[in-house]
Amino acid sequence: MTKEPTRIPVEARFGVGSLEVTSITANSVVVQASGDGMFLSTSVSEGGTGSLNGLSFRVTDVREGQAVLDFFPKK
């Protein structure tokens, strides 16, 4: 698990004001995001996706307490 949340900067055009990875387990990543009166807290396993407003992400790899996330515009 991560000790401190990892803040990920996001361009304002996606409508996400805050995006943080709050924990990483052996199988999943917990991401919290907020924007435009919305709040998202989701646990996503490797290969899974999540989205908020105009931003989507995919967890491409989780191992040894680290994760790789791929961010892309929501279609």
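A short tour of the structure in this document, coming up.

1. Some details on the overall build of the chain
Then, number 1: When its secondary structure is counted, the chain shows zero helices and seven strands.
Then, number 2: Each helix and strand of the chain, placed in order from N terminus to C terminus, yields the pattern β-β-β-β-β-β-β.
Then, number 3: The C-alpha radius of gyration of the chain comes to 12 Å, within 12% of the 11 Å expected for a compact globule of 75 residues.
Then, number 4: Put simply, 19% of the contacts in the chain that link residues at least 6 apart link residues at least 24 apart.
Then, number 5: When the accessible surface of the chain is summed, it comes to about 4,700 Å², and 49% of that surface belongs to carbon and sulfur atoms.
Then, number 6: In the chain, 7 side chains carry a positive charge and 8 a negative one; their mean positions are 5 Å apart.

2. Examining the sheet that holds strand β2 (residues 18-24)
Then, number 1: Strand order across the open sheet formed by four strands is β1-β2-β3-β4, with antiparallel pairing between neighbours. Of all strands in the sheet, those bounded by a partner on one side alone are β1 (6-7) and β4 (38-45).
Then, number 2: Sheet topology note: the β2/strand β3 (residues 28-35) ladder contains six bridges and is antiparallel. Among the inter-strand pairings, E20 is bridged to a residue of β3, identified as Q32.

Reading the values: rules and limits
- Residues numbered from 1 in each chain as written.
- Predicted model: local features only at pLDDT ≥ 70, side-chain atom pairs only at ≥ 80, totals over all residues.
- Heavy atoms only, no water.
- Helix = DSSP H or I, 4+ residues; strand = E, 2+ residues; numbered from the N terminus.
- Rg over C-alpha atoms; globule rule 2.2 N^0.38 Å.
- Contact = heavy atoms within 4.5 Å.
- Areas by Shrake-Rupley, 256 points an atom, 1.4 Å probe, with all protein chains shown as cover.
- Lys, Arg positive; Asp, Glu negative; His and termini not counted.
- Charge placed at Lys NZ, Arg CZ, Asp CG, Glu CD.
- Pairing = 2+ DSSP bridges.

That is the geometry; function is a separate question.
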